[in-house]
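Descriptive analysis of the structure
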Amino acid sequence: PLQMAMAVATLSMDGKRMQPHLLKKIVSPDGTTVVTRPIMADEIKLPKKDWDEVQKGMIDVIKAPYGTGFRFGRKTPYSVAAKTGTAQVFHSNVRYHETDLPEYLRDNSTFIAYAPVENPQIAIAVVVEHSELAASIARKLLDQYLIIEKHLPKSSSSPANPPS
């Protein structure tokens, strides 16, 4: 998941890579707060049109009615670029419904995203074993960070994905 989050963050910044970090701030015993800043790593150099094409595809995952993440993003008050995924655990030549399988044989779900598209503030990767919940969990994480904790930039405060 960390590699997936780093990949989607790199996509969001047209190839600029940041060193992963988990520490948001340090508070000393005297109450002084030091906010940690991301450290830039190397850069992947590709033509801008290539980055734009991948990003457009990820936006369509959420905004286009045929997108696999359309239910996720059609009512977000911020824009999202994402990719859904499934990691198959069990294969059979016989047609079956997943709920007929024991839980440990059910597919794993993945979801990577960044938001808001115009000014990315967060990149995430969610992997859930034996469940289809990755997109739902990602939505809750993005809402928490962007709306509840108010990291949504002013330019993204109007709904970029209006309700359908």
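Higher on the page you've got the structure.
Numbers given for residues are sequential positions, taken from 1 along each chain in its written order. For a predicted model such as this one, the threshold for reporting local features is a pLDDT of at least 70, and the threshold for listing and counting side-chain atom pairs is 80 or more; totals across whole chains, interfaces and linings nevertheless cover every residue. No hydrogens and no water enter the side-chain calculation; it runs on all heavy atoms of the structure.

**Points about the packing of aromatic side chains**
Each Phe, Tyr or Trp ring, with Trp reduced to its six-membered ring, pairs with another whose centre is within 6.5 Å; inter-plane angles below 30 degrees give stacked pairs, above 60 give edge-to-face pairs, and intermediate values give tilted ones. Enumeration over the complete set of coordinates arrives at one aromatic pair. Relative to phenylalanine 111, the ring of phenylalanine 72 has its centre 4.8 Å away and its plane inclined at 40°; by these criteria the two rings are tilted. Separated by 39 residues along the polypeptide, phenylalanine 72 in helix H3 (residues 70–73) and phenylalanine 111 in strand S6 (residues 108–115) bring together distant segments of the chain. In terms of burial, phenylalanine 72 and phenylalanine 111 fall into one category: buried. Secondary structure elements are taken from DSSP: a helix is a run of H or I of four residues or more, a strand is a run of E of two residues or more, and numbering for both begins at the N terminus. Accessible area is worked out with a 1.4 Å probe on protein chains only. A residue is then buried under 20% of its type maximum, exposed over 50%, and partly exposed in between.

**Structural notes on the sheet that holds strand S7 (residues 122–128)**
Neighbouring strands of a sheet are bound in pairs by backbone hydrogen bonds; such pairs are parallel or else antiparallel. Here three strands make up an open sheet; going across it, the order is S5-S6-S7 and the pairing antiparallel. Because the sheet does not close on itself, it has two edges, and the strands there are strand S5 (81–87) and S7. Strand-to-strand twist of the sheet, defined as the mean angle between neighbouring strand axes without regard to direction, takes the value 10°. Of the strand pairs in this sheet, S6 and S7 are connected by seven bridges, and their pairing is antiparallel. Its bridge partner lying in S7, alanine 115 is registered against isoleucine 122. When checking whether two residues touch, look at their non-hydrogen atoms; a contact exists if any pair is within 4.5 Å. Angles run from 0 to 180 degrees between N-to-C directions of axes, and those axes are lines fitted to C-alpha atoms, restricted for helices to the stretch in contact. Sitting on the sheet, helix H1 (residues 2–12) touches S6 and S7, and the angle it makes with S7 is about 145°. Any two strands with at least two DSSP-identified bridges between them are counted as paired.

**As for helix H4 (residues 134–148)**
One less than the residue count of a helix, multiplied by 1.5 Å, gives the span that helix is expected to have. Taking 1.5 Å per residue as the helical rise, H4 with its 15 residues ought to reach 21 Å, and the 20 Å between its terminal C-alpha atoms agrees with that figure. Of the positions making up H4, those classed as buried are Ala134, Ala138, Arg139, Leu142, Asp143 and Leu146. Across the axial projection of H4, the buried residues extend over an arc of 160°, all falling on one side. Within H4, the exposed residues directed more than 90 degrees away from the buried face are Lys140 and Ile148. Taken together, the buried residues of H4 touch H3, S6 and S7. It is the directions from the helix axis to the C-beta atoms that the arc portrays.

**Some remarks on the nonpolar core**
By convention a nonpolar core is built from buried Ala, Val, Leu, Ile, Met, Phe, Trp, Tyr and Cys residues, the set being connected through side-chain atoms within 4.5 Å. Core analysis: the biggest nonpolar cluster contains 17 residues, and Ile62, Phe72, Val80, Phe111, Ala113, Ile124 and Leu142 have the highest contact counts within it. Elements that contribute at least two residues to this core include exactly helix H2 (48–63), S6, S7 and H4. Discounting residues that sit within four places of it in the chain, isoleucine 124 has contacts with Ala5, Val8, Phe111, Ile112, Ala113, Ala138 and Leu142.

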